[in-house]
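The chain contents come next:
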Amino acid sequence: MPDDRFTTMSEEWIIRVEGKEYGPADPAVLDEWRREGRVLAANDARRADLDVWITAAEIPGLFESVPPPASLPEPAPSVATNGSLWGDTFRIYAKGLPQFLCLSLLVIVPSICSQLTSVAVETSANADLDFRALLAGGFAFCMLLLSLALWPIYVAGIQILSAELAVGRRIGFFELLNRAVKFWPRMALLCLFVYGTYFFWTVLLLGLIVMIISGGPSLMFIFVALLLLAFWVWIIGRLFVNFLFWPQFAVLDGLEVANTLRRSKELARSGGNLPWYQRPLWRGIFIASAWFAFVFALGIGPAWPMVRAYFHEIAVTQNPETLMQTLKAASAARGFDLLGFALGIWQGLMRPLLGIAFVLLYFDSRNQQ
């Protein structure tokens with residue numbers, strides 16, 4: 001049965017987003033685009049048989065039953081001294097706690113299965129001969145792949161849920177999941193590119209540093225390693241700027257991959273007329289720094305004995321192969337770290353706070369343009 005909201009809306013429409021026109025689309029398609037976030041009230045629109053452009057909000061019946069977007073709080077003079085952004089972040093997290101927990105479990109549960117199975121395989125006395133150990137290893141690998149495959153849905157879901165709660169709308173988990181799944185191809189490609197870029201530069205440059213240092217305790221080698229480390233910090237900083245708002249533009253604005261990365265860089269570098277502490281880039285740096293400090297605080301306690309042993313072995317061992325064997329033996333002797341495992345789960349459950357904060361920053365930054 002057709003939706004009663006569209007009884008006055010029998011025409012087909014053209015929608016213009018970021019200079020590109022989409023359509024003609026009938027009322028049912030327009031409503032689907034609206035629910036997916038691909039059509040916003042501010043987008044340009046016209047009837048297919050007319051050349052007069054209006055906004056999508058003026059299309060009869062399309063946005064009438066949807067509550068108008070609520071105005072988000074004005075950005076605080078400084079996130080470091082005013083807790084408005086963090087206060088709103090925790091408020092949204094608390095309001096959507098069941099949905100955020102379910103989204104987190106999508107990627108946490110397969111990861112837990114993979115980790116526990118891997119531990120069981122490593123501690124098995126007959127790991128090289130037992131067929132069950134091989135089967136368990138295959139299961140662990142499949143769970144790891146499943147966790148990676150669900151990650152784009154998790155990221156898209158965080159954006160959708162945060163945006164809905166930020167404007168005072170409620171959304172059920174299965175509706176949220178259905179909307180997030182539709183973004184999987186785009187988000188999977190973006191995740192592969194964004195995370196792959198970070199991984200490539202990190203592995204490449206840190207690998208070069210390790211090779212240089214392992215060549216001998218030469219002052220020249222150490223100097224070159226420090227230069228490479230400085231270059232790595234610079235390149236990661238550049239990538240951080242370019243990728244600052246990629247999930248928001250991909251999901252909330254519904255942009256394609258190329259436009260997503262371009263608009264993300266433009267928004268991150270905007271606000272030149274504002275004090276530096278109100279600009280999107282510096283606020284994003286503060287949010288990311290606060291999150292990394294939280295992760296570091298959770299992980300440093302359980303990992304400290306291993307870190308201390310690592311630096312000790314580097315100081316006393318000259319042969320890289322011997323160093324790796326010693327560290328591997330020390331890790332095996334340590335066994336399963338229950339505390340670190342539990343803290344890792346806690347970190348995963350709290351990770352949506354990072355996504356919520358960046359969604360709010362995205363809205364604030366758009367409002368400042």
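(A) Just the packing of aromatic side chains, in detail. One pass over the full model with this rule turns up 15 aromatic pairs. Considering the side-chain rings of Tyr 93 and Phe 100, the 5.7 Å spacing of their centres and the 25° angle between planes classify their relative orientation as stacked. For Tyr 93, a relative accessible area of 10% puts it in the buried group. Between Phe 173 and Phe 174 the ring centres are 5.7 Å apart and the planes differ by 70°, which places this aromatic pair in the edge-to-face class. Judged by relative accessible area, which is 68%, Phe 174 ranks as exposed.

(B) Structural view of the environment of Pro 110. Turning to its location among the elements, Pro 110 is positioned in helix H3 (residues 97-123). Under the relative-accessibility criterion, Pro 110 is labelled buried at 6%. In the structure, Pro 110 is positioned 40 residues away from Leu 150 in sequence and 9.3 Å away in space, judged by C-alpha atoms. Those residues in contact with Pro 110 that sit more than four places away from it in its chain are Leu 105, Met 143, Leu 146, Ser 147 and Leu 150.

(C) Main features of the confidence of the model for the protein chain. Summarising the model, the protein chain shows a mean pLDDT of 78, and 75% of its residues fall at 70 or more. Highest mean pLDDT in the protein chain belongs to helix H8 (residues 246-251) (92); lowest belongs to helix H11 (residues 320-334) (58). Note on residues 1-9: pLDDT is under 50 here. Beyond four places in sequence and across chains, it has 16 contacts.

(D) Geometry of a nonpolar patch on the surface. Taken together, the side chains of Leu 206, Ile 222, Leu 226, Leu 229 and Val 233 present a nonpolar region at the surface, about 410 Å² in accessible area. The greatest single-element share of the nonpolar patch, amounting to 4 residues, is contributed by helix H7 (residues 219-242). As for its position among the elements, Leu 226 is in helix H7.

(E) The arrangement of H7 in detail. End to end, H7 covers 35 Å across 24 residues, agreeing with the expected 34 Å (1.5 Å per residue, within 8%). For H7, the set of buried residues is Ala 225, Leu 228, Ile 235, Ile 236, Leu 239 and Val 241.

(F) Structural context of the nonpolar core. Counting residues in each nonpolar core, the largest one holds 73 residues, and the members touching the most others are Ile 15, Leu 30, Ile 59, Phe 100, Met 187, Phe 245 and Trp 246. The element that contributes the greatest number of residues to this core is helix H4 (residues 131-166), accounting for 11 residues. Non-local contacts of Phe 100, meaning those with residues more than four positions away in its chain, are made with Ile 92, Tyr 93, Ile 158, Leu 161, Ser 162, Leu 165, Pro 352 and Ile 356.

(G) Fine view of the side chain of Gln 159. Note on placement: Gln 159 falls in helix H4. Classification of Gln 159 by relative accessible area gives buried; the value is 3%. From its side chain, Gln 159 meets the backbone oxygen of Val 155 in a polar contact 3.2 Å long. The residues touching Gln 159, leaving out its near neighbours within four places in the chain, are Pro 247, Gln 248, Val 251, Leu 252 and Val 359.

(H) Inspection of the sheet that holds strand S4 (residues 54-55) at higher detail. Spatially, 4 strands are ordered S2-S1-S3-S4 in an open sheet, and the strand pairing comes out antiparallel. Looking at the sheet topology across the chains shown, the edges are occupied by strand S2 (20-25) and S4. Taken together, the 4 bridges between strand S1 (residues 13-17) and strand S3 (residues 44-47) define a ladder with antiparallel strand orientation. Bridge pairing in S3 places Ile 15 opposite Ala 45. Helix-sheet contacts for helix H1 (residues 27-36) involve S1 and S2, and the interaxial angle to S2 is about 135°.

Rules used throughout
- Residues numbered from 1 in each chain as written.
- Predicted model: local features only at pLDDT ≥ 70, side-chain atom pairs only at ≥ 80, totals over all residues.
- Heavy atoms only, no water.
- Phe/Tyr/Trp six-rings, centres within 6.5 Å; stacked < 30°, edge-to-face > 60°.
- Buried < 20%, exposed > 50% of the residue type's maximum accessible area, 1.4 Å probe, protein only.
- Helix = DSSP H or I, 4+ residues; strand = E, 2+ residues; numbered from the N terminus.
- Contact = heavy atoms within 4.5 Å.
- pLDDT = per-residue confidence, 0-100.
- Patch = residues over 30% accessible without salt bridge, like charges linked within 9 Å, V, L, I, M, F, W, Y side chains within 5 Å.
- Areas by Shrake-Rupley, 256 points an atom, 1.4 Å probe, with all protein chains shown as cover.
- Salt bridge = Lys/Arg side-chain N within 4 Å of Asp/Glu carboxyl O.
- Expected span 1.5 Å × (residues − 1).
- Core = buried A, V, L, I, M, F, W, Y, C linked by side-chain atoms within 4.5 Å.
- Polar contact = N/O pair within 3.5 Å; in protein donor to acceptor, adjacent residues only side chain to side chain.
- Pairing = 2+ DSSP bridges.
- Axes fitted to C-alpha atoms, helices over the stretch in contact; angles between N-to-C directions.

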